[in-house]
Amino acid sequence: MAGRPGPPRLGPLLLLSLWGSSAPAPLLRRLAEHIERFQEGSGLGLGFGPNALVPPKQGWLEQPLDPFNTSDQRSFLQRYWVNDQHWASRHGPVFLHLGGEGSLRPGSVTRGHPAALAPAWGALVIGLEHRFYGLSIPAGGLDVAQLRFLSSRHALADVASARLALGRLFNVSSSSPWICFGGSYAGSLAAWARLKFPHLIFASVASSAPVRAVLDFSEYNEVVSRSLTSAAVGGSPECRAAAAAAFADVERRLLAGGAARAALRAELGACAPLGRAEDRAELLGALQALVGGAAQYDAQAGAPLSVRRLCGLLLQGGGNRSHSAPYRGLRRAVQVVIHSLGQRCLSFSRAETVAQLKVTESQVSGVGDRQWLYQTCTEFGFYVTCEDPSCPFSRVPALPSQLELCQQVFGLSTSSVAQAVTQTNSYYGGQTPGATQVLFVNGDTDPWHALSVTQASGPSASALLIPGASHCMDMAPERPSDSPSLRRGRQSISQQLQTWLGLAQRSQARGGD
């Protein structure tokens, strides 16, 4: 396997508009991409000295399409980014930033963790894009026959072969420690890379890593509900009650039909009528994702809504005891998000969602909705529900309608999805993966911390739970507005890294090169 200078050949391109699918998960994915673009475009985290604006290098590795079948000679080109600005010597450490379920941008090696840690250690920083996302899409499209080569196990095989190939390409010392970084799904990959390849990966920092697969992710909205009551992030019991009242008002108007439903469509800026029950469920799911996104990305640069701002909108005018005040606040919150994402209106058509997810041409929008749905159907689940009586939002869309997407798009039954989730936890160990030299970092405002590791399982398996922090916030570029707890959390990560690299240096001194 060798480095290649050019990009892979792509089939017909489908450029997705931001007002495409906005079922709950895609809306959260749009928010994540918007925040990433904002932070990269604003230059946050690039202040590393006079050469800070030197762009990173882009390269390509030829990887086997099926690494588990040596008789299959097909291959694809996998993109990587390199920042060697601070690399002191071939004996220095390598920080490998793993990509997840989307395009990996050059900012992955120039801002935030791990780039911010590189100067102190003279580290080489490499970002590796995940197969089937961004520009690392194999030729042949995205039909089901092709997608069988998309899984976390395939991705980990790519990490192992890339680790060896890039080490040779950059003449990295055989004794240099490689440390994996990743956030969200990529955080799980970072932890699993250390678990499965401890001889190749010296240690890993796994941020907001949902290592436990789950079919019914009801805990997501349990954390969102708690966050809406947390004074530390601007919530209150009154805010949670207002959110519940707003959703009850929306459901009442939907059930009333006629003029009430038509007025709701106009007031929420909906793209289409609300005549179909499946579309009404999609709308309620999109509204839940909007509120969930305020907690998941709370206080992050570029996030259109924080918990504090959402609660301010929901409670605005509440002093007059008007029952419609929370609903008006939710309407304003919808408009804030629509405007921030560049949408013309709020889209929620189930038929459009299914049609777009069935498109098999290669997509370069960076979002990868079809690919990620496939991974949830064949590995992880992660279907957010609100069926618990304590959940303040709507009970729909329920789990069956979400699982139905797997059947409609890929022909996968509910039983096969449930079996896949069980197999994933059996293979990786769920929330007790058993990996050593892994630091799990989470924020207690982030709903995904419920599926991660938040308590240390031993001296070499550490966990850090940062009060008031949201999804992957420890990886974001530093800002003056960062909370003291977030600053302390980043210091703890740096201290853990210092401990690991101290071990590696002592090992190098004993063994030589």
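Our subject is the structure that appears above.
Remember, it's a predicted structure, so these values are computed and weren't measured experimentally.

Let us look at the pattern of salt bridges. Applying the stated rule across the entire model yields 15 salt bridges. Notably, a salt bridge pairs Arg 212 with Glu 219, separated by 2.8 Å at the nearest N-O pair. The salt bridge involving Asp 249 is made with Arg 253; its shortest N-O contact spans 3.1 Å. You can see Asp 249 and its partner Arg 253 sitting in helix α7 (residues 237-256), 4 residues apart, about one turn around the helix. Assessed through its relative accessible area of 7%, Asp 249 is described here as buried. Residue classification places Arg 253 among the buried residues on the basis of a relative accessible area of 15%. Shared partners join several salt bridges into a network, and the residues in it are Asp 249, Arg 252, Arg 253 and Glu 267.

With that out of the way, let us pick up the state of the cysteines. One pass over the structure, following the stated rule, counts 4 disulfides. Cys 377 shares a disulfide with Cys 406; S-S distance 2.1 Å. Of note, the bridge from Cys 377 to Cys 406 carries an S-S torsion of about -85° and is left-handed in sense. With Cys 377 in helix α13 (residues 369-380) and Cys 406 in helix α14 (residues 399-410), this residue pair connects regions lying 29 residues apart in the sequence. In this pair, the class of Cys 377 matches that of Cys 406, namely buried. Each disulfide of the protein joins two cysteines, and with those cysteines numbered along the sequence the arrangement is 1-3, 2-4, 5-8, 6-7. Among the cysteines around Cys 180, which has no disulfide bond, Cys 472 carries the closest sulfur, lying 15 Å off.

With respect to the element layout, Ser 349 can be found in the loop between α11 (325-340) and α12 (350-357). A relative accessible area of 16% means that Ser 349 is categorised as buried. At a separation of 3.1 Å, a polar atom in the side chain of Ser 349 contacts the main-chain amide nitrogen of Glu 352.

Attention shifts here to the packing of aromatic side chains. With the rule as written, the count across this model stands at 16 aromatic pairs. Between Tyr 374 and Phe 410 the ring centres are 5.2 Å apart and the planes differ by 80°, which places this aromatic pair in the edge-to-face class. Placement of the pair is Tyr 374 in helix α13 and Phe 410 in helix α14, with a sequence separation of 36 residues. Both residues of the pair, Tyr 374 and Phe 410, belong to the buried class. Among the aromatic residues, those joined into a cluster by ring pairs are Tyr 185, Trp 192, Phe 217, Tyr 220, Trp 372, Phe 380, Phe 382, Tyr 427, Tyr 428 and Trp 448. Sitting over the ring of Tyr 427, Arg 153 keeps its end group 3.7 Å from the ring centre. Sitting above the plane of the Tyr 427 ring, Lys 196 keeps its charged end 3.9 Å from the centroid.

Looking now at helix α9 (residues 277-296). Since the α-helix packs 3.6 residues into each turn, any two residues three or four apart lie on the same face. Compared with the 28 Å implied by 1.5 Å per residue over 20 residues, the 28 Å span of α9 between its first and last C-alpha is a close match. Judged by how many residues are buried, α9 sits mostly within the fold: 18 of 20 residues are covered.

A separate point is the packing of α7 against α9. Contact geometry for α7 and α9: axes closest at 11 Å, N-to-C directions at 165°. Taken together, the axes of α7 and α9 lie roughly antiparallel to each other. In terms of crossing hand, the pair formed by α7 and α9 is right-handed. The segment α7 lies against α9, with Phe 247, Val 250, Glu 251 and Leu 254 engaging Arg 280, Leu 283, Leu 284, Leu 287, Gln 288 and Val 291. Residue classes in the contact of α7 with α9 are distributed as 7 nonpolar, 1 polar and 2 charged.

Across the junction of His 113 and Pro 114, the peptide omega takes the value 5°, indicating a cis bond. Omega for the peptide link from Val 396 to Pro 397 comes to 5°, which places this bond in the cis form. By the secondary structure assignment, Pro 397 is in the loop between β9 (381-384) and α14. Not every positive phi belongs to a glycine, and Ser 184 is a case in point at roughly 65°. Here Ser 184 lies in the loop between β6 (178-183) and α5 (185-196). Classification of Ser 184 by relative accessible area gives buried; the value is 14%. In this structure, Gln 437 is a non-glycine residue whose phi angle is positive, near 55°.

Here we take up the environment of Gln 402. For Gln 402, the location among the structural elements is in helix α14. You can call Gln 402 buried: its relative accessible area is 13%. As a C-alpha pair, Gln 402 and Gly 368 span 34 residues in sequence and 18 Å in three-dimensional space. Contacts of Gln 402, omitting those with residues within four sequence positions, involve Tyr 383, Val 384, Thr 385 and Pro 397.

Each value, and the rule that gives it
- Residues numbered from 1 in each chain as written.
- Predicted model: local features only at pLDDT ≥ 70, side-chain atom pairs only at ≥ 80, totals over all residues.
- Heavy atoms only, no water.
- Salt bridge = Lys/Arg side-chain N within 4 Å of Asp/Glu carboxyl O.
- Helix = DSSP H or I, 4+ residues; strand = E, 2+ residues; numbered from the N terminus.
- Buried < 20%, exposed > 50% of the residue type's maximum accessible area, 1.4 Å probe, protein only.
- Disulfide = S-S within 2.5 Å.
- Polar contact = N/O pair within 3.5 Å; in protein donor to acceptor, adjacent residues only side chain to side chain.
- Phe/Tyr/Trp six-rings, centres within 6.5 Å; stacked < 30°, edge-to-face > 60°.
- Lys NZ or Arg CZ within 6 Å of the ring centre and 35° of its normal.
- Expected span 1.5 Å × (residues − 1).
- Axes fitted to C-alpha atoms, helices over the stretch in contact; angles between N-to-C directions.
- Parallel < 35°, antiparallel > 145°, perpendicular 65-115°, else oblique.
- Left-handed = near helix turned anticlockwise from the far one by under 90°.
- Contact = heavy atoms within 4.5 Å.
- Nonpolar A, V, L, I, M, F, W, Y, C, P; charged D, E, K, R; others polar.

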